[in-house]
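# Observations on the three-dimensional arrangement
So you can see what is in the structure, the chains are spelled out below.
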There are 2 protein chains.
Amino acid sequence: MRFILVDWGTTRFRAFVVDGETIVDRVSSDEGVSALREGQHREVFLKHCRDWLAREPQAPVALVGMVGSREGWRMAPYAPCPAGPEEIAGAMIEVEVEGGRKGHIIPGLVCEPDAGAVDVMRGEETLCLGAGISDGLICLPGTHPKWVEMKAGRIERFATYFTGEMYALLRHHSMVGRPATEPEDPAGFDRGLDAAERNGGLSGRRVGLLHLIFGARAAAVTGRLPSEQLGPYISGLLTGDEINGAFSLFAKPGRVAAIGDEGRIALFSRALARHGVAVDSVPAETALIAGLARILAHHRI
Amino acid sequence: MRFILVDWGTTRFRAFVVDGETIVDRVSSDEGVSALREGQHREVFLKHCRDWLAREPQAPVALVGMVGSREGWRMAPYAPCPAGPEEIAGAMIEVEVEGGRKGHIIPGLVCEPDAGAVDVMRGEETLCLGAGISDGLICLPGTHPKWVEMKAGRIERFATYFTGEMYALLRHHSMVGRPATEPEDPAGFDRGLDAAERNGGLSGRRVGLLHLIFGARAAAVTGRLPSEQLGPYISGLLTGDEINGAFSLFAKPGRVAAIGDEGRIALFSRALARHGVAVDSVPAETALIAGLARILAHHRI
């Protein structure tokens, strides 16, 4: 099957023509949804994809990611978890792309595991369905990393962490990161992981992340932590505490799949190795295309 | 005994003439140490206190707070915990204020409760020694709140949290706080405390603070949390998790003493009431003067 796939996030527009599992054409730009005003989305889409529409008159057009948010082309209400390809296909919404032809926006998912607790995703649902994991845990490192539990090929539940944005806040906008210098010494990352163990819950050690964050500053101002280790230390501390939380929420597996930036996955693997957990890296484009194919297989045009 | 007391922090200069436990004169300005360059401190001090020096030729001069930091008048090395008035008096360092007359900088304290763990304070040691608590817990809410354990009239150990600065980062510089609107609805604070219970460790609930912070955004974007509740919600979430950490580190008492801003202490009391802990508010100036008097009682001029 041929299809046109648009992966449209907050900061990037990326579109593909896919034949089976092979990308036969692609285009990208920095016209993410945060750069656009209401009403501009069709115009941007057609600028990049009009030729493809003519060349592939039968190909379904699918749009994934923040394009379905309130700031996107058209709001696609979140589908509830647990959800598999069938539920997600059933919750797609339409936009008109050109001359009556429809594009289909993949809805994000909402997870409400607990009274007063709610979590959301947009785009990651498609990656997870294409990661080749029927049962197990998938991690998606990034600005707002997600841990996703798969069960019988469906997304059972998930949790999002504030790790990446928190790193940027602490490193660049807080008193904690101010003493940090570059070039960085990566040895600080392991020392940050050590510190996170003080909040790991083992033998009652639970000093609190807010205490550990101030501790990074105290270690720097007392000279216990060299200034070139401070940036990686903050990263290790936050990564370690994300993992503390995830392994309290989800049963700790022997392996996890990870989808995302290679450098970030390497650090993540280093942190998970302390817990005896191995990481299988899954290329994001492969997962995106396979996931979308699974969703479209349930789609009656 | 009469003494001249300078409480010189990051953002404020405040000086007092004290007779026994009574303030007989006072002056303040916004010439905190962060506003000054090296070498300017004596000049600022004399501008405000020269008349007092002439009028009180025998009065000891004591300086408390960030004035003893690297960015202050002169660096006063941290004294190690546990420490009482005698150890702190013995670790004071001198600066020349005028014509050979000395001023005495109260050192801050360092606490190293654990391998690789370090915490520091400057100024709070004096407040705690004057809080009238011989054995028990003292809390000092603020930008970087501190919990201090007193034992036999000495400071046994303490822990600092990043709560106040984290609130400012999340509310004003992050994606989490962006949807927040004013006027605020204070009901959000209790909902934030509810959310913090998911990281309280009771019945294994430990979802992680980084997850709960993202959850505030998810609750806002899904409409579960009204935008006017979001600011107080973030405050409640962070306050609740500070308390989670403190009651894991320190044995939970029936009452705690609190020194700081009244409005903040009111919120803090509300959060602690959930844990069955009562709060006794201690006025900061009273504690400062009583604490300094205890230190100076061990000082041989």
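Refer to the structure above for everything that follows.
All values reported here derive from a predicted model rather than from experimental measurement. (Residues numbered from 1 in each chain as written. Chains lettered and ligands numbered in written order. Predicted model: local features only at pLDDT ≥ 70, side-chain atom pairs only at ≥ 80, totals over all residues. Heavy atoms only, no water.)

### A short note on the overall build of chain A
When you go through chain A residue by residue, the secondary structure sums to 9 helices and 14 strands. Considering only C-alpha atoms, chain A reaches an extent of 65 × 40 × 35 Å along its principal axes. Counting over 301 residues, chain A shows a buried share of 56%. For chain A, contacts bridging at least 24 residues in sequence account for 61% of all contacts bridging at least 6. Carbon and sulfur atoms make up 49% of the accessible area of chain A, which totals about 12,200 Å². When the 33 basic and 38 acidic side-chain charges of chain A are each reduced to a single mean position, those positions are 3 Å apart. (Helix = DSSP H or I, 4+ residues; strand = E, 2+ residues; numbered from the N terminus. Buried < 20%, exposed > 50% of the residue type's maximum accessible area, 1.4 Å probe, protein only. Contact = heavy atoms within 4.5 Å. Areas by Shrake-Rupley, 256 points an atom, 1.4 Å probe, with all protein chains shown as cover. Lys, Arg positive; Asp, Glu negative; His and termini not counted. Charge placed at Lys NZ, Arg CZ, Asp CG, Glu CD.)

### Examining the side chain of Arg-171 of chain B
Residue and element names in this part refer to chain B. For Arg-171, the position within the fold is in helix H4 (residues 163-173). Residue Arg-171 is classed as buried on the basis of its relative accessible area, which comes to 10%. Setting aside residues no more than four positions away along its own chain, Arg-171 makes contact with Gly-177, Ala-180, Glu-182, Glu-184 and Gly-231.

### Some thoughts on the interface of chain B and chain A
Listed as interface residues are 50 residues of chain B and, on the opposing side, 50 residues of chain A. For the pairing of chain B and chain A, the buried interface totals around 4,200 Å² over both sides, and the portion due to carbon and sulfur atoms is 63%. It is Arg-206, Leu-210 and Phe-214 of chain B in chain B that bury the most area against chain A; as a group they hold 19% of the surface buried on that side. Here chain B and chain A share 4 salt bridges between them. In this structure, Arg-198 of chain A engages Asp-114 of chain B in a salt bridge whose closest nitrogen and oxygen atoms are separated by 3.0 Å. Summed over the shared surface of chain B and chain A, the result is 14 residue pairs in polar contact (both at pLDDT 80 or more). The set of elements that each furnish at least two residues to the side of chain B that touches chain A consists of strand E8 (109-114), strand E9 (117-121), strand E12 (154-160), H4, helix H6 (209-221) and helix H7 (227-249) of chain B. (Buried area = accessible area lost by both parts, 1.4 Å probe. Salt bridge = Lys/Arg side-chain N within 4 Å of Asp/Glu carboxyl O. Polar contact = N/O pair within 3.5 Å; in protein donor to acceptor, adjacent residues only side chain to side chain.)

### A look at the packing of aromatic side chains
Residues and elements named next belong to chain B. Scanning all chains against the criterion turns up 10 aromatic pairs over all chains. When the ring of Phe-45 is compared with that of Trp-73, the centres are 5.8 Å apart and the planes differ by 50°; the resulting orientation is tilted. Note that Phe-45 is positioned in helix H1 (residues 41-55) and Trp-73 in the loop between strand E4 (61-64) and strand E5 (79-80), a separation of 28 residues in sequence. Residue Phe-45 shares its accessibility class with Trp-73, and that shared class is buried. (Phe/Tyr/Trp six-rings, centres within 6.5 Å; stacked < 30°, edge-to-face > 60°.)

### Thoughts on the sheet that holds strand E13 (residues 255-258) of chain B
Residue and element names in this part refer to chain B. Pairing in this open sheet of 5 strands is mixed, and the strands run E12-E11-E10-E13-E14 from one edge to the other. For this open sheet the edge positions go to E12 and strand E14 (278-281), each flanked by a neighbour on one side alone. Within this sheet the neighbouring strands show an average axis-to-axis angle of 30°, counted without direction. One ladder, built from 4 bridges, connects E13 with E14; its direction is parallel. Bridge assignment links Ala-257 to a residue of E14, and that residue is Asp-280. Packing of H7 onto the sheet brings it into contact with strand E10 (136-140), strand E11 (146-151) and E12, and relative to E11 it is tilted by some 25°. (Pairing = 2+ DSSP bridges. Axes fitted to C-alpha atoms, helices over the stretch in contact; angles between N-to-C directions.)

### A look at the environment of Gly-208 of chain A
Considering the arrangement of structural elements, one finds Gly-208 of chain A in the loop between helix H5 (187-196) and helix H6 (209-221). Its relative accessible area of 5% is what places Gly-208 of chain A among the buried residues. Linking Gly-208 of chain A and Arg-198 of chain A, residues 10 residues apart in sequence, is a C-alpha distance of 8.2 Å. With near-sequence residues (within four places) excluded, Gly-208 of chain A lies in contact with Asn-199 of chain A together with Gly-245 of chain B.

### Topic: the relation of the copies chain B and chain A
Of the two same-sequence chains, chain B is brought onto chain A (RMSD 0.0 Å, axial shift 0.0 Å) by a rotation of 180°. Those values place the two copies in the arrangement expected of a two-fold rotation axis. Most of the interface of chain B is mirrored in chain A: 100% of its interface residues are interface residues there too. (Least-squares fit on C-alpha atoms with pLDDT ≥ 70 in both.)

### Section: the packing of H7 of chain B against helix H8 (residues 262-273) of chain B
All names here are of chain B. For the pair H7 and H8, the least separation of the axes is 10 Å and the interaxial angle reads 60°. Relative to H8, the element H7 is oriented oblique. As H7 runs across H8, the sense of the crossing is right-handed. Where H7 abuts H8, its residues Ser-235, Thr-239, Glu-242, Ile-243 and Phe-247 lie against Arg-264, Phe-268, Ala-271 and Leu-272. Residue classes in the contact of H7 with H8 are distributed as 5 nonpolar, 2 polar and 2 charged. (Parallel < 35°, antiparallel > 145°, perpendicular 65-115°, else oblique. Left-handed = near helix turned anticlockwise from the far one by under 90°. Nonpolar A, V, L, I, M, F, W, Y, C, P; charged D, E, K, R; others polar.)

### Re helix H9 (residues 284-296) of chain B
Residues separated by three or four positions in an α-helix point in the same direction, a consequence of the helix having 3.6 residues per turn. Residue and element names in this part refer to chain B. Across its 13 residues, H9 extends 18 Å between first and last C-alpha, which sits within 8% of the 18 Å expected from 1.5 Å per residue. Among all positions of H9, only Ala-287, Leu-288, Ile-289, Gly-291, Leu-292, Ile-295 and Leu-296 are buried. Buried residues in H9 make contact with strand E1 (2-8), strand E2 (13-19), strand E3 (22-29), E4, helix H2 (85-90) and helix H3 (124-129). (Expected span 1.5 Å × (residues − 1).)

### Examining the sheet that holds strand E9 (residues 117-121) of chain A
Residues and elements named next belong to chain A. Read across the sheet, 3 strands follow the order E5-E8-E9 without closing on themselves; strand pairing throughout is mixed. Both outer strands of the open sheet, strand E5 (79-80) and E9, are each paired with one neighbouring strand and no more. The pairing of E5 with strand E8 (residues 109-114) spans 2 bridges and is parallel. Bridge pairing in E8 places Pro-80 opposite Val-110.

### So, unusual backbone geometry
Residue and element names in this part refer to chain A. Residue Pro-82 is reached from Cys-81 by a cis peptide bond, and omega for that bond is -5°. With respect to the element layout, Pro-82 can be found in the loop between E5 and helix H2 (85-90). Residue Ala-152 is not a glycine yet carries a positive backbone phi of 50°. Mapping Ala-152 onto the fold places it in the loop between strand E11 (146-151) and strand E12 (154-160). Overall, Ala-152 belongs to the exposed group, its relative accessible area being 59%.

### Some points on the pairing of strand E4 (residues 61-64) of chain A
Residue and element names in this part refer to chain A. Of the two faces of E4, the one carrying Val-61 and Leu-63 and the one carrying Ala-62 and Val-64 are both buried. Bridge analysis of E4 against strand E7 (residues 101-105) gives 3 bridges, and the strand direction is parallel. Bridge pairing links Ala-62 to His-104 in E7.

Any functional reading would require information beyond the geometric quantities listed.
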